Amino acid sequence: MSIGTASTKGLVAYDPWKVYQGVNLLTPAEGTGVWLVDMQGRYVHYWEAGCVPSCGAELLLDGNLLYAGKQVDGPLADLEGAAGVLLELDWFGKCLWRHEDPYLHHGFARSANGNTYVTKWTEIPARVTSKVEGGIEGSERSGKMWGDVIQEVDQAGRVVWEWLAHEHLDPTIDVICPICRRSTWPHTNSIHEMADGNLLVSFMRTSTVAKIDRASGDVLWRWGKGQLAHQHFVTEMDNGNVLVFDRGLHTPGMDCGYSQVIELSPQTGEKIWVYMDGHFFFSSILSSCQRLPNGNTLICEGAMGRLFEVDAKGTIVWEYLNNLPSEATSPVAARHCMVHAAFRYGVDFAGLRRPVLVPRQRQATPGTATGVATRLHSRLEALGY
Amino acid sequence: MGVERSFKLGVTLHNLQKADDGYTLFGPNNHDAWLIDIEGRVVNRWRMPYSAGCHGRLLPNGHIIWASQIHTAEEYGLTDDFSGLGGLIQELDWDGNLVWESEAPYQGHDFQVMDNGHILYICFHPNGILPDELAAEVKGGLPGTEQNGKIWGDCVMEIDRQGKVVWEWLACEHLDPKIDTLCPLESRSMWPYLNSLCVCQDGNILLSTRYLNQITKIEYPSGRVLNRYLRGRIFHQHDVRELPNGNIMAFDNGLHRYGEELSYSRVVEFDPSTEEVVWEYKAEQPSDFYSAICGGSERLANGNTLICDSVAGRVFEVTPSNEIVWEYVSPFMGEKRGLPTNRIWRAHRYSRDYTGFKDHILDPTRFPWENLIYGPHAFRKDFAFTIS
């Protein structure tokens, strides 16, 4: 899909009777911070993180923000999803907790017990890589394949639990897409703690989502063969079903790629609900999806900077094309800034207990560097915020 | 809605100093062909008897030549792997009167009018079905996706003005299964899947062999393969053309790019003697320009390139330094596989002094209602709509 030179930006559609009212948290891909905007796209709050994000930031129940940032000179900075630092910021942008590891990539999950699950790369031993199937022959990264480790780290940064993907995956089942590189396997791009304490993960290069048993490390369940194509962002919903954003990249036999948001039953493997819109809904990178308490679904079509909410019938009831200023260097004024992920928080969300300014009555944001704040605020003014 | 549905319609950008001038011909997926001026005003309209079997062009005599869709894949007993089907080539005069037509069985995608007036076209003809031993040697593609167990080899046919086939080229007789391998994610129902052709200055033919991720040049009339270009460097490309300077330009759609996990399209110009890419257009954020199918590019007299972003229904002009200086988003809705779409298969630009316009008046006031509804003033540039 393409971006034209001139299009309606900001709020495009809004049915106040049908939406799940709240505020929207979004992490622009090219910025160094996170925005909170209201349903009309008006500025509510901004956190300056000081580094480019590697995935979407999330608000925690205590009102703090978890942000995964990229170290630009990390050892594997050329790999997609490279991160390096995980920050916990308070409402005013002050860093309360920091976890650094140059091999961190993609996402994280704050556990119910206060610890944090992170994903990092580790070199896969040659005895395993020789068995991994699929991918373009000879396309390892300088001869090596990088596998995923999920670690649970506590407040002091100690690793209290660790899971190495290559010790539990089956190279004959978890096969890399034929036109992807063999630089990483399986390329875990999203992790989520489930209600039962186990982990729900998204393996991008093998186009499967899986449930990992926390106690034994076994892969309890996998889904996706023939159904998913380089998905991103998988979560467990309150009803026990799984929601996943299927990007639809490298789809077999399709002459025109399209993305889907799929709700599936982990017990039966059946697709319960699917949202798609032909080629009008497609993002080959980034992206997220969230089931809202009223049964609607918030979708972030990352590459297009497009956030929208659909009801169960697939009717769009809210749509916002992100045009928030970032410190990006791209001078293409009309383009929508790409968004990693977006989340909606309703009025009863525990994390929104902080003082908030009514839109258009903002003052200087404490906790941010003066220079950044000044530039940002003048650009906000220019946009009419 | 889709980010494309938020596009402003009509001419959305026009840099008067840098853009070309002239008229643009295109057909939405319906029974119309439109000729618009640089401001986006309709100056001629042809109402075709049939929907587009993809392509149409203007001729130096002022007529339009058009491939019409008269059969669906289903009617041929084929699956919808076989797309872009036409079947009838028609020539209509400026006012839409039929002056010539010829059936072109199994014709699809592109065709070209040769200097001698014959028509060269691509078709999925049963003559080209691969014998089983050859089909077994063809590598790549998704296993088990043959068409009723057969691989259909594409064909190129030349018909004279009486509709008689005077020359035929069958892929199965000239391609080499050891070299010409299919993309691993595509169907094995076709080999190699031709979607465009171009007669070169030397009389030979450039073919866009889509599923092979390469451009293939064949000798005319012997049919043997002369060159294979950009093998594995362009992906599911379209509209391969020879430029007056001898270089070759192609629309690299970018479906199934090996080793890349971002979908984007680009237009490339390369020197056939060295296969070096001498110019390319890619969006600054590459995923901002992506047309998985169709797509076209045309070099203009002023050195700029007209690019047809088919899936978005968008035609735009870029300078050699990749600056967009003109953009038009089609407001005309056609239909593809039952769904409404404003997509355009290909767009052609003709200069003001094109010989085909010699005896005609290109006056938008001849189309008052078309311009009222679809012209530049029809689409206010500044409103944002809400559902309430």
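Small disclaimer: the values here were computed from a predicted structure and weren't measured.

Helices and strands together make up the secondary structure of chain B, namely three helices and 29 strands. For a compact globule of 388 residues, the expected C-alpha radius of gyration is about 21 Å, and chain B comes in at 20 Å, within 12% of that figure. Projected onto its principal axes, the C-alpha coordinates of chain B cover approximately 60 × 50 × 50 Å. Taking all 388 residues of chain B together, 50% fall into the buried category. Look at the contacts in chain B between residues 6 or more apart in sequence, and 53% of them connect residues 24 or more apart.

Per the secondary structure count, chain A includes three helices and 25 strands. The buried share of chain A, reckoned over its 385 residues, is 50%. Sequence-distant contacts, at least 24 apart, represent 53% of the contacts inside chain A between residues at least 6 apart.

Next up on the list: the sheet that holds strand E7 (residues 84-89) of chain A. Residues and elements named next belong to chain A. Ordered by their spatial adjacency, four strands build an open sheet running E5-E6-E7-E8, and the pairing between neighbours is antiparallel. Either end of the sheet is taken by a strand with one partner, and the two such strands are strand E5 (58-59) and strand E8 (95-100). Across two bridges, E5 lies against strand E6 (residues 65-70) in antiparallel orientation. Each bridged residue has a counterpart across the sheet, and for Glu-58 the counterpart in E6 is Leu-66.

With respect to the helices and strands, the residue Pro-125 of chain A is situated in the loop between strand E10 (116-123) and helix H1 (126-129). Between the alpha carbons of Pro-125 of chain A and Gly-351 of chain A there is a distance of 43 Å; along the sequence they are 226 residues apart.

Turning to the nonpolar core, a few remarks are in order. Within the largest apolar cluster, 197 residues are counted, with the highest numbers of intra-cluster contacts made by Tyr-67, Val-339 and Ala-342 of chain A together with Leu-197 of chain B. If one sorts the elements of this core by residue count, strand E10 (residues 119-123) of chain B sits on top with five residues. Setting aside chain neighbours within four positions, we find Val-339 of chain A in contact with Leu-26, Thr-27, Pro-28, Ala-29, Leu-286, Cys-300, Gly-302, Gly-305, Leu-307 and Asn-322 of chain A.

Turning to the interface of chain B and chain A, a few remarks are in order. Counting from both sides, the interface comprises 45 residues of chain B and, opposite them, 46 residues of chain A. Within the residue set of the side of chain B that touches chain A, elements represented by two or more residues are strand E1 (10-14) and strand E26 (324-329) of chain B. The dominant element in the side of chain B that touches chain A, judged by the number of residues it contributes, is E26 of chain B, at three residues. Partitioned by chemical class, the residues of the side of chain B that touches chain A number 21 nonpolar, 14 polar and 10 charged.

Residues and elements named next belong to chain A. Within strand E15 (residues 208-212), five of the five residues are buried, leaving the element largely enclosed by the surrounding structure. The two faces of E15 match: Thr-208, Ala-210 and Ile-212 on one face and Val-209 and Lys-211 on the other face are all buried. Here strand E14 (residues 199-203) pairs with E15 via five bridges, running antiparallel. Each residue of the ladder has a partner; that of Ser-202, found in E15, is Val-209. Between E14 and E15, which pair antiparallel and follow one another directly, the connecting turn spans four residues, one of which, Ser-207, has a positive phi of 50 degrees. Pairing analysis gives four bridges linking E15 to strand E16 (residues 219-223), with the strands arranged antiparallel. Paired with Ala-210 across the bridge in E16 is Arg-222.

So, on to unusual backbone geometry. In this structure, Pro-192 of chain B follows Trp-191 of chain B across a cis peptide bond, with omega equal to 5 degrees. Cis geometry is adopted by the peptide bond preceding Pro-221 of chain B, which originates at Tyr-220 of chain B and carries an omega value of 5 degrees. Tracing the chain through its elements places Pro-221 of chain B in the loop between strand E17 (214-218) and strand E18 (225-229). Non-glycine residue Ser-142 of chain A carries a positive phi angle of around 50 degrees. Position of Ser-142 of chain A among the secondary structure elements: in the loop between H1 and strand E11 (146-153). Ser-142 of chain A sits in the exposed class, given 5 other C-beta atoms within 10 Å.

This part is about the pairing of strand E15 (residues 194-199) of chain B. Two faces make up the sheet, and in a regular strand the side chains alternate between them. All names here are of chain B. In terms of residue burial, E15 counts as a mostly covered element, since five of its six residues are buried. With five bridges connecting them, E15 and strand E16 (residues 205-209) associate as antiparallel partners. When the sheet's bridge partners are listed, Cys-198 is paired in E16 with Leu-206.

Residue and element names in this part refer to chain B. With respect to the helices and strands, the residue Cys-200 is situated in the loop between E15 and E16. Assessed through the 16 C-beta atoms surrounding it within 10 Å, Cys-200 is described here as partly exposed. Separated by 48 residues in sequence, Cys-200 and Ile-248 place their C-alpha atoms 9.8 Å apart. Beyond its immediate chain neighbours, meaning those up to four positions away, Cys-200 contacts Ile-205, Leu-206 and Glu-242.

Residues and elements named next belong to chain A. Reading across the sheet, the four strands line up as E13-E14-E15-E16 and stay open at both edges, with antiparallel pairing between neighbours. Strands with a single pairing partner mark the edges of an open sheet, and in this sheet they are strand E13 (188-193) and E16. Along the sheet, successive strands turn relative to each other by an average axial angle of 20 degrees, direction set aside.

Quick look at the confidence of the model for chain A now. Confidence along chain A averages 88 in pLDDT terms, with 88% of residues attaining 70 or more. Segment residues 360-373 of chain A: pLDDT under 50, and 15 contacts once partners within four positions in sequence are set aside and those in other chains are kept.

This brings us to the environment of Ile-122 of chain B. All names here are of chain B. Looking at the element boundaries, Ile-122 is found in strand E10. The buried category is assigned to Ile-122, around which 30 C-beta atoms lie within 10 Å. Residues Ile-122 and Gly-108 lie 14 residues apart in sequence; the distance between their C-alpha atoms is 5.8 Å. If sequence neighbours within four positions are ignored, Ile-122 has contacts with Gln-107, Gly-108, His-109, Asp-110, Asp-154, Val-156, Leu-194 and Leu-197.

It should be kept in mind that the predicted coordinates are not to be read in detail where pLDDT is low. All names here are of chain B. Here chain B averages 92 in pLDDT, and 97% of its residues register 70 or above. pLDDT under 50 marks residues 384-388. Its contacts with residues more than four places away, or in other chains, come to 10 contacts. For this predicted complex, the interface confidence score (ipTM) comes to 0.85, while the overall pTM stands at 0.89.

What counts, and at which threshold
Residues numbered from 1 in each chain as written. Chains lettered and ligands numbered in written order. Predicted model: local features only at pLDDT ≥ 70, side-chain atom pairs only at ≥ 80, totals over all residues. Helix = DSSP H or I, 4+ residues; strand = E, 2+ residues; numbered from the N terminus. Rg over C-alpha atoms; globule rule 2.2 N^0.38 Å. Buried ≥ 20, exposed ≤ 12 C-beta atoms within 10 Å, placed from the backbone. Contact = placed C-beta atoms within 7 Å. Pairing = 2+ DSSP bridges. Core = buried A, V, L, I, M, F, W, Y, C linked by C-beta atoms within 7 Å. Nonpolar A, V, L, I, M, F, W, Y, C, P; charged D, E, K, R; others polar. Axes fitted to C-alpha atoms, helices over the stretch in contact; angles between N-to-C directions. pLDDT = per-residue confidence, 0-100.

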